[in-house]
Structure formats: C-alpha cells, structure tokens
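# An overview of the molecular structure
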Amino acid sequence: MALNSYIAAERQKRLEALLGTPTFLVVAGALPGLAVANNLEQGFAIGAVTAVAIVAMALLVPVINGFTNWITRIPVALVVSAAVVGVCQVAVYVADPAISEALGMYLPLVATNALVMTFVAKSTFAVSPAKSTLATAVFAAVCALAALTFVGLANGILSAGEIFGLTAYEIAETPIAVFGKPAGSLLLLALVAVFTQSLEGGLFKAPEAASDGGEE
Amino acid sequence: MEFLNALFTAAFDNNIVFVQMVGMVSVIVLALRPQDSVRFGLALWAASAVSGIVGWPIYYLLLQPWGLDYLAPMAYLLVSATCVFLVGAVATARKPLEERRGAMAMCTIVALNACTLAVPLSNAAAGCEFPVGVGTAVGAGLGAFIAVVLFAGVRNRINESQVPAVLRGLPISLVTASIMCLAFFGVSGALSGLFV
C-alpha cells in the first residue's frame, strides 16, 4: 500500500521538529561516545575527538561536494571522515595509550557520527545569530565535548566513587552503580537534554506550542 | 553450532543498539512509526550482515597479512557504503522517480549508521573464524532490527500518554532507551551458550 501523503507530511513535520533544535545537536553529538564515557578522562577524550571530527567535516564536506556527484558523495565523505578520525586516534594513542585502548572501536565510530552531524547542521538548523553551517557545527562540537565530559565525570563518581583520581567512598556495590552502565549514561544524557530544552525557549528560537499530553 | 551461538549472542546478549549503544541516533530519530521501523530495521539488518560478511575477508585476507590494520575503518566504510548504494540502485532500477529518491534516502541513512562499521570492527577485534564472524554479523543485524521495532512500539505507546512538558521529545526518548537497555541487560546471559 502506498504511504498516504498526509501521513508522510506529518512524519516529515515531526522529524523537522525533532532535528531542528539545539537539544538534538547536543544529544546526537554525545550519543555515540556514551558507552565509553566511564570516567572523566575517557569522557573528555571521546568528546574531544568527536568535537574535532565534527568541525573538520564541516570544513571538508563543502570541498568534497565540489568534486563528487550524488552517488559518490557519501562514500567519499565517509572515507575522509574515517581518515580524520584515524589521525585523531593516533593523537589519543600518543597522548595516553591506556585511554586509546579503553576507547577501542568507539573511536572509529565517531567518523559516521561526525558526518551525520555535519549534514544536520547544513540542512535543518543554524544557531542564531550565526546562521551558518560552520557555526552550528562548532556549537554542536562544543556541546558534545561538554556533554560527554559531564557524563564521564558523573559516571566516574556514581559507579566507582572516584572524582579527579581520588576515591571518595566505595559505591560500586550499591544500586546507584547502575549509572555506570549504558542505561545510566542514557539517563544522564536525558538530564542534559532536559537542561538544554529548558534553555531553548530563552536563548534560542521558541519551541512549538505544547499540545495537550503526548510526546509532542 | 558456533554459527547459531554467535548469532544469538550478538542478537540478544550483546545487542548492538541497547547493550553496545551503537547506531542509537538513527534509532531514536527514525523509529517513529512501527510500520516505518520495520522497513528501516530490515534495511539495517541487511546492511549490518553484508558489512560483517564482506569485512571478514577484507581484514583477514587483505589488511592483516600486509600490516594495514589502521586502514580497516576506511576500507569497511567504503565497501559497505558502496554495497548499500549498489543494492539500492539495482533494487529500484525500474521504479518511479519518487520511489528511487526514497530508496536513496534510506540508503544514505543506512550507510551513515554506525552499525555497518561496528560489526566488522568487532569481528576484527575478536579474531574469530569465518562461521562465527558470519553468525555475529547476521546476529548483530537481527539485534538491531529487534531494537528498532521494539523501540518504535514503545514510543508509539508513549505518544498516547501524558508526558510532563519538561520531558517531551528527546528526553523521554532517552529515558525509554535507558529502560530498554536495562531490559536487555536483564536478559543477557539467557541465550549465551545455548547452542554449545
């Protein structure tokens, strides 16, 4: 059965409402690194790589668009993104091999996310008053770094009771240690999303009028 | 037996979306309606399986013998994106323009999904044999399909509920994802070793 045009239009409207917000930039930038943001150092490392990759791809995608057509654009952009992240991976290894080992396969995965963020910055959203893809990408990069560092810090405190290398008290055996797991990291990111959404009305464009009940 | 064990371990115990937290951006954005989620989940299943199956010989027969491990992410992304777009172009060759555009948009989303890179990377890191690698690839895709469909179903139910204003939109989606992570964490270990 063909998709009803009204349903397709409604779906597109919901997608645009979801993607065209600063909260989405914060969440989408931070989500891929969430699994390895288990302490402050790892959270900062994966956040830094994500930030550098997003800004680098925001600068490189217009260049790539100049010499590719619609069918080769994505594969070429993906390879370039992977190369950028590969360089960042070497930098992390040189800075701290233990952190590079701990981040594992999640470092190369930043490549796909950086490209996604660049396309989102280009097509649906621009932060006022900059209103340019690069400014939006820089905003997304800074937010991803801040969010992942915060999640790493909180995970380190709640799962191991460690803060800045000092062990406050042993809480790994208590139920709150679930925040060290992926489920807890997502809850922390939800907290960050709530905070960002609460700022949206004041600092950025006003959100759509709230409907009665439901997710929208 | 190794194939089945790897398949079920990858699908449930080590679910790529809700345990390894890979490809979650696409799931949260695209799992809006259950009907759309089935289509997207099937595409993701196929792409993950193909990228894992094709990635195994690329790594073990080409990259590793020549000491080119550092090129693995680039090789995987190039090959999987090419396969995805090739299949999409062939499948919609004689279809109307609108359908071809929709298929290419879906191919773009699938090619940009981190699952297509994570599956061959984890196979390479595990150092497994080919049957286990195939089982892991197919199982990871199956796990992604299950995760997408389940998440869309739960989200559909949430749309019918009264959600506090501060949690509407992405926050409630993340809380939902968190609870689903806990659910998958709870069933981990139930199926591992079942086919040993």
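Below you will find a few notes about this structure. Every value quoted in this text rests on a predicted model; they were computed, and no experiment measured them. (Residues numbered from 1 in each chain as written. Chains lettered and ligands numbered in written order. Predicted model: local features only at pLDDT ≥ 70, side-chain atom pairs only at ≥ 80, totals over all residues. Heavy atoms only, no water.)

## Some details on the overall build of chain B
Along the backbone of chain B there are eight helices and zero strands. Each helix and strand of chain B, ordered N terminal to C terminal, gives the series α-α-α-α-α-α-α-α. A total of 196 residues make up chain B; the buried ones form 52% of that total. The contacts of chain B with a sequence gap of at least 6 include a subset with a gap of at least 24, amounting to 79%. Counting every atom, chain B has about 8,400 Å² of accessible surface; 71% of that belongs to carbon and sulfur. Looking at chain B, you have 9 positive and 8 negative side-chain charges, and the mean spots of the two groups are 17 Å apart. (Helix = DSSP H or I, 4+ residues; strand = E, 2+ residues; numbered from the N terminus. Buried < 20%, exposed > 50% of the residue type's maximum accessible area, 1.4 Å probe, protein only. Contact = heavy atoms within 4.5 Å. Areas by Shrake-Rupley, 256 points an atom, 1.4 Å probe, with all protein chains shown as cover. Lys, Arg positive; Asp, Glu negative; His and termini not counted. Charge placed at Lys NZ, Arg CZ, Asp CG, Glu CD.)

## Focus on the overall build of chain A
Counting its regular elements, chain A contains eight helices and two strands. Scanning chain A from its N terminus toward the C terminus, one meets helices and strands in the order α-α-α-α-α-α-α-β-β-α. Counting only residues that meet the buried cut, chain A has 48% of its 216 residues in that class. When contacts within chain A are restricted to residue pairs at least 6 apart in sequence, those whose partners lie at least 24 apart make up 70%.

## Regarding the interface of chain A and chain B
Contacts between chain A and chain B engage 49 residues on the former and 48 residues on the latter. Our count for the contact surface shared by chain A and chain B stands at three residue pairs in polar contact (both at pLDDT 80 or more). Of all the secondary-structure elements, those providing two or more residues to the side of chain A that touches chain B are helix H1 (5–19), helix H2 (22–30), helix H4 (73–95), helix H6 (106–123) and helix H8 (182–203) of chain A. Looking at the side of chain A that touches chain B, its residues break down into 37 nonpolar, seven polar and five charged. (Polar contact = N/O pair within 3.5 Å; in protein donor to acceptor, adjacent residues only side chain to side chain. Nonpolar A, V, L, I, M, F, W, Y, C, P; charged D, E, K, R; others polar.)

## Observations concerning the environment of Ala-111 of chain A
In this fold, Ala-111 of chain A is placed in helix H6. You can call Ala-111 of chain A buried: its relative accessible area is 0%. For the pair Ala-111 of chain A and Val-85 of chain A, spaced 26 residues apart in the sequence, the C-alpha separation amounts to 5.9 Å. Sequence-distant contacts of Ala-111 of chain A, defined by excluding residues within four places in its chain, comprise Ser-81, Ala-82 and Val-85 of chain A together with Leu-77 of chain B.

## So, a nonpolar patch on the surface
Residue and element names in this part refer to chain A. Nonpolar side chains collect at one region of the surface, where Leu-59, Leu-60, Leu-134, Val-138 and Val-142 lie side by side and expose about 390 Å² of accessible area between them. Among the elements of the structure, helix H3 (40–67) and helix H7 (133–160) are those that each provide at least two residues to the nonpolar patch. Sorting elements by how many residues they give to the nonpolar patch places H7 first, with three residues. For Leu-60, a relative accessible area of 30% translates into the label partly exposed. (Patch = residues over 30% accessible without salt bridge, like charges linked within 9 Å, V, L, I, M, F, W, Y side chains within 5 Å. Salt bridge = Lys/Arg side-chain N within 4 Å of Asp/Glu carboxyl O.)

## Some details on the pattern of salt bridges
Residues and elements named next belong to chain B. In the structure shown here, the tally under the stated rule is two salt bridges over all chains. Across the pair Glu-98 and Arg-101 runs a salt bridge whose closest N-O atoms are separated by 3.6 Å. With Glu-98 and Arg-101 both in helix H5 (residues 97–111), this residue pair falls three residues apart, about one helical turn. Overall, Glu-98 belongs to the exposed group, its relative accessible area being 59%.

## Description of helix H1 (residues 2–13) of chain B
Of all the positions in H1 of chain B, only Asn-5, Ala-6, Leu-7, Ala-10, Ala-11 and Asp-13 of chain B are classed as buried. Elements that come into contact with the buried residues of H1 of chain B comprise helix H7 (130–159) and helix H8 (170–187) of chain B.

## Describing unusual backbone geometry
A positive phi angle, near 60 degrees, is found at Met-21 of chain B, a position not held by glycine. With respect to the element layout, Met-21 of chain B can be found in the loop between H1 and helix H2 (24–30).

## Structural notes on the packing of aromatic side chains
All names here are of chain B. According to the stated counting rule, one finds seven aromatic pairs over all chains in the structure shown. Ring centres of Trp-56 and Tyr-60 lie 4.8 Å apart, and the angle between their planes is 35 degrees; on these two criteria the pair is classed as tilted. Note that Trp-56 and Tyr-60 are positioned in helix H3 (residues 34–63) at a spacing of four residues, about one turn of the helix. Taking the relative accessible area as the measure of exposure, Tyr-60 reaches 16% and is therefore buried. Centroid distance Tyr-59 to Tyr-60: 5.0 Å. Interplanar angle 85 degrees. Geometry classified as edge-to-face. There is no split in this pair, since Tyr-59 and Tyr-60 are both buried. Here a set of aromatic residues connected by ring pairs shows up, and it is made of Trp-56, Tyr-59, Tyr-60 and Phe-130. (Phe/Tyr/Trp six-rings, centres within 6.5 Å; stacked < 30°, edge-to-face > 60°.)

## Topic: the side chain of Ser-81 of chain A
Residue and element names in this part refer to chain A. With respect to the helices and strands, the residue Ser-81 is situated in helix H4. Residue classification places Ser-81 among the buried residues on the basis of a relative accessible area of 1%. Other than its neighbours up to four places away in sequence, Ser-81 contacts Met-57, Ala-111, Ala-114 and Leu-115.

Read these as layout, nothing more, since geometry by itself doesn't imply function.
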